[in-house]
Amino acid sequence: MIITPFRQENNDKRDLASLAYRLNKTVVMVGMMGAGKTAIGTAVARELDVAFLDSDSEIVAAANMSIAEIFERDGEDFFREKEAQVISRLMTEERCILSTGGGAYLRPENRALISDKGLAVWLRADVDLLWSRVRHKDTRPLLRTENPYATLRQLQKAREPVYALAEIVVDAQPEYSISDMTARVIEALLERPDVLVREG
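**A short note on empty space enclosed by the protein**
Phase 1: This structure, assessed with the given rule, holds 1 cavity of 30 Å³ or more.
Phase 2: Approximately 40 Å³ is the volume found for the largest cavity.
Phase 3: Contributing to the lining of the largest cavity are Met32, Ala35, Trp122, Leu123, Arg124, Ala125, Leu130, Gln156, Glu160 and Tyr163.
Phase 4: Contributing elements (two or more residues each) for the lining of the largest cavity: strand E5 (118-124) and helix H7 (148-163).
Phase 5: Tallied by class, the residues present in the lining of the largest cavity amount to 7 nonpolar, 1 polar and 2 charged.

**Remarks on the nonpolar core**
Phase 1: Core analysis: the largest hydrophobic core is formed by 58 residues, its most contacted members being Val121, Leu123 and Leu189.
Phase 2: If we ignore the near neighbours within four places in the chain, the residues touching Val121 are Val27, Val28, Met29, Val30, Ile168, Val170 and Leu189.

**A short note on the pairing of strand E2 (residues 26-30)**
Phase 1: Most of E2 sits out of view: 5 of its 5 residues are buried.
Phase 2: Here E2 shows two buried faces, one formed by Thr26, Val28 and Val30 and the other by Val27 and Met29.
Phase 3: The pairing of E2 with E5 spans 5 bridges and is classified as parallel. When the bridges of E5 are listed, Val28 appears paired with Ala120.
Phase 4: One ladder, built from 3 bridges, connects E2 with strand E4 (residues 96-99); its direction is parallel. Paired with Val28 across the bridge in E4 is Leu98.

**Description of the packing of aromatic side chains**
Phase 1: Within the structure shown, the criterion is met by 3 aromatic pairs.
Phase 2: Note on Trp122 and Tyr163: the rings are 5.8 Å apart at their centroids and 40 degrees apart in plane angle, and the pair reads as tilted. Of this pair, Trp122 sits in strand E5 while Tyr163 sits in helix H7, and the two are 41 residues apart along the sequence. Across this residue pair, the class does not change: Trp122 and Tyr163 are buried.

**As for the pattern of salt bridges**
Phase 1: On inspection of all chains with the given rule, the structure shows 12 salt bridges.
Phase 2: Ionic pairing is found between Arg73 and Asp74, a salt bridge with its closest N-O pair at 3.0 Å.
Phase 3: By relative accessible area, which is 58% here, Arg73 ends up exposed.
Phase 4: For Glu83, the salt bridge goes to Arg80, with nearest N and O atoms at 3.1 Å.

What counts as what
- Residues numbered from 1 in each chain as written.
- Predicted model: local features only at pLDDT ≥ 70, side-chain atom pairs only at ≥ 80, totals over all residues.
- Heavy atoms only, no water.
- 1 Å grid on protein atoms, 1.4 Å probe; cavity = no way out; pocket = protein on both sides within 12 Å on 5 of 7 lines; lining within 4 Å.
- Points joined across faces, edges and corners; volume = space filled by probe spheres on them.
- Helix = DSSP H or I, 4+ residues; strand = E, 2+ residues; numbered from the N terminus.
- Nonpolar A, V, L, I, M, F, W, Y, C, P; charged D, E, K, R; others polar.
- Core = buried A, V, L, I, M, F, W, Y, C linked by side-chain atoms within 4.5 Å.
- Buried < 20%, exposed > 50% of the residue type's maximum accessible area, 1.4 Å probe, protein only.
- Contact = heavy atoms within 4.5 Å.
- Pairing = 2+ DSSP bridges.
- Phe/Tyr/Trp six-rings, centres within 6.5 Å; stacked < 30°, edge-to-face > 60°.
- Salt bridge = Lys/Arg side-chain N within 4 Å of Asp/Glu carboxyl O.

Have a look at this one:
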């Protein structure tokens, strides 16, 4: 069965746009490739009327190269160093929603910085849902292996104990649309008034 990345939006979805919020800390989306960090992060930022930033996009813009090209030319260790520098810079800017690469949260100094200056939200999804979203893309250097599905499963198994350190976990399901996930993230954030407050 082919699973589409996100189902079409409902006409009866809850209208979050009419509400006003105050974001007190930067919220950092963490999780596996294909979890929806960019798509959901963008939607959450729009609903909260704050900036959305993406660490991968910042790296690509600074290097004028794709992430796959950086991996190929300079290696993963070099990329992780640059990624840590970018995250450190972005965490000191205005409060925002920040999407990070799948490996960023594995680095202890990144986790410490995120915990100190913001809050991590793990978008948790099972491997089949992740695979349905990434299998047709050739932009994932870590999946350029003989068996990319097995590689994805191994990466997920190794990374999940670290992702579980995130302060908030929101589970993705195949039937959830972007607006469904956006609502669930915002509801979870509202449980933390030090992070997000509804003003409307």
